[in-house]
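Per-entry structural report
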Amino acid sequence: MDTKSQGFGKFYLSLFFVLLYLPVLSVVLYSFNMGSSTAQWTGFTLDWYRELFRDRVIIESFKISIQVAVLTSLLSGIIGTATALISISVTNKMKKTIKGIMVLPLLVPEVALGVSLLMFFSALKLPFGHLTLVLSHSLFCVPYVYIMVQLRLKEIDKSIIEASRDLGATKWQTMKTIIIPLVMPSIITASLLSIAMSLDDVIISTYMSGPTTTTLPVHVFSMMRVGVTPKINALCTLILVGTFFIVGLSQFFNIKSNKGGGLIEKF
């Protein structure tokens, strides 16, 4: 590659990242703006953060979102991991069927998925609230857990499993002492990703929320309809920080998982 092509590539990447992150940086910057305008800088202040923490509706919506996200993470982690582990000992035809079923929620548009879930839960006469939110969020989080655990299972050296069986270990003992510890970093990573996705969802949460269980993204979306204030910027800044923290943790466990796989291969 010549110097001219390298220069064009650097310029393109720089322009791409500027267009991608400039709006995000502007949201963070104007969360510290003294004035209520989001177009003119008038001075530095933390008043909008103080006002944000005094807003009881936002605090309550945040609590609901955290509760739903944690429960979604646990449920999707259990179902996704169990399905991935079960797919080890089935036929190839059954494995393809399971994979198709698991990936299907990722192919359906969220609007169609939200409307279908609304009709389904209404037919079952389930009260809309925490239960419907957790079940619906788990529906689109389980595939990510399944995929990540499946990828980790493919990296495990089969000779380790065969050695455990030669030593007299049962299938459950092999699963408990070898397979599950090896895939645990991927399970944790996928569970953290489920938390981030649950906290970020707006469309499905709009259909599944009850009268007293409005999640934070839905509440923020309703606030945006009446105009953007620096208080929303402050809230978005804190959400960004929390999201980056969760993603950082997931990357940490992902790197740890890859190092663990490398050590096993060397062994």
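These numbers come from a predicted model, not from an experiment. (Residues numbered from 1 in each chain as written. Predicted model: local features only at pLDDT ≥ 70, side-chain atom pairs only at ≥ 80, totals over all residues. Heavy atoms only, no water.)

Description of the overall build of the protein
A count of helices and strands for the protein gives 11 helices and 0 strands. Of the contacts formed within the protein by residues at least 6 apart in sequence, a portion of 73% connects residues at least 24 apart. On the protein, roughly 16,500 Å² of surface is accessible, and the fraction owed to carbon and sulfur atoms is 70%. (Helix = DSSP H or I, 4+ residues; strand = E, 2+ residues; numbered from the N terminus. Contact = heavy atoms within 4.5 Å. Areas by Shrake-Rupley, 256 points an atom, 1.4 Å probe, with all protein chains shown as cover.)

A short note on the pattern of salt bridges
The tally for this structure, following the rule as stated, stands at 4 salt bridges. We note a salt bridge from Glu51 to Lys231, for which the minimum N-O separation is 4.0 Å. In this pair, Glu51 sits in helix α2 (residues 47–53) while Lys231 sits in helix α11 (residues 230–266), placing the two residues 180 residues apart along the sequence. The exposure class of Glu51 is partly exposed, given its relative accessible area of 32%. One salt bridge connects Asp55 with Lys231, and the closest N-O pair in it is separated by 3.0 Å. (Salt bridge = Lys/Arg side-chain N within 4 Å of Asp/Glu carboxyl O. Buried < 20%, exposed > 50% of the residue type's maximum accessible area, 1.4 Å probe, protein only.)

Concerning the nonpolar core
If you look at the biggest cluster of nonpolar residues, it comprises 18 residues, and the most contacted ones within it are Val149, Leu153, Ile156, Ile179 and Val183. Secondary structure elements with two or more residues in this core: α3 (56–86), α4 (92–107), α6 (130–155) and α8 (171–200). Tallying contributions element by element places α8 first for this core, with 7 residues. Those residues in contact with Ile179, other than ones at most four positions away along the chain, are Leu85, Leu153, Ile161 and Thr174. (Core = buried A, V, L, I, M, F, W, Y, C linked by side-chain atoms within 4.5 Å.)

A few points about a positive patch on the surface
Among the surface-exposed residues, Lys95, Lys99, Lys154 and Lys158 lie close enough to one another that they form a single positively charged patch. Within the secondary structure layout, Lys154 lies in helix α6. By relative accessible area, which is 64% here, Lys154 ends up exposed. (Patch = residues over 30% accessible without salt bridge, like charges linked within 9 Å, V, L, I, M, F, W, Y side chains within 5 Å. Lys, Arg positive; Asp, Glu negative; His and termini not counted. Charge placed at Lys NZ, Arg CZ, Asp CG, Glu CD.)

Thoughts on unusual backbone geometry
Most peptide bonds take the trans form, and the phi angle of most residues other than glycine is negative. The phi angle at Lys125 is positive, at roughly 60°, despite the residue not being glycine. Checked against the element boundaries, Lys125 lands in the loop between α5 (110–124) and α6.

Focus on the environment of Val202
As for its placement among the helices and strands, Val202 is situated in the loop between α8 and α9 (203–208). Remark: the alpha-carbon pair of Val202 and Thr215, spanning 13 residues in sequence, is separated by 8.4 Å. Once residues lying within four places of it in the same chain are set aside, the contact partners of Val202 are Pro217, Val218 and Phe221.

Observations regarding α4
Between its first and last C-alpha atoms α4 spans 22 Å; for 16 residues at 1.5 Å apiece the expected length is 22 Å, and the two agree. Listed as buried for α4 are Ile98, Met102 and Pro105. Contact partners of the buried residues in α4: α3, α5 and α6. (Expected span 1.5 Å × (residues − 1).)

A closer look at the packing of helix α7 (residues 158–166) against α8
Relative orientation of the contacting elements α7 and α8 amounts to 145°, with a least axis distance of 11 Å. In this structure, α7 meets α8 at a crossing whose hand is right-handed. Facing Ile160, Ile161, Ser164 and Arg165 of α7, the residues of α8 in contact are Thr174, Ile178 and Ile179. Here the contact of α7 with α8 is composed, by residue class, of 4 nonpolar, 2 polar and 1 charged. (Axes fitted to C-alpha atoms, helices over the stretch in contact; angles between N-to-C directions. Left-handed = near helix turned anticlockwise from the far one by under 90°. Nonpolar A, V, L, I, M, F, W, Y, C, P; charged D, E, K, R; others polar.)

What to know about the confidence of the model for the protein
Predicted confidence across the protein gives a mean pLDDT of 82, with 90% of residues reaching 70 or more. Taken element by element, the protein is modelled with least confidence in α11, mean pLDDT 70, and with most confidence in α3, mean pLDDT 91. Segment residues 262–267: pLDDT under 50, and 4 contacts once partners within four positions in sequence are set aside and those in other chains are kept. (pLDDT = per-residue confidence, 0-100.)

With respect to the packing of α6 against α8
Put simply, α6 and α8 touch, their axes get as near as 9 Å, and they point 150° apart. The orientation of α6 with respect to α8, classified from their angle, is roughly antiparallel. Our pair here, α6 against α8, has a crossing hand that is right-handed. Listed contacts from α8 to His137, Phe140, Cys141, Tyr144, Val145, Met148, Val149, Arg152 and Leu153 of α6 are Ile179, Leu182, Val183, Ser186, Ile187, Thr189, Ala190, Leu193, Ser194, Met197 and Ser198. For the contact of α6 with α8, the residue count by class is 14 nonpolar, 5 polar and 1 charged. (Parallel < 35°, antiparallel > 145°, perpendicular 65-115°, else oblique.)

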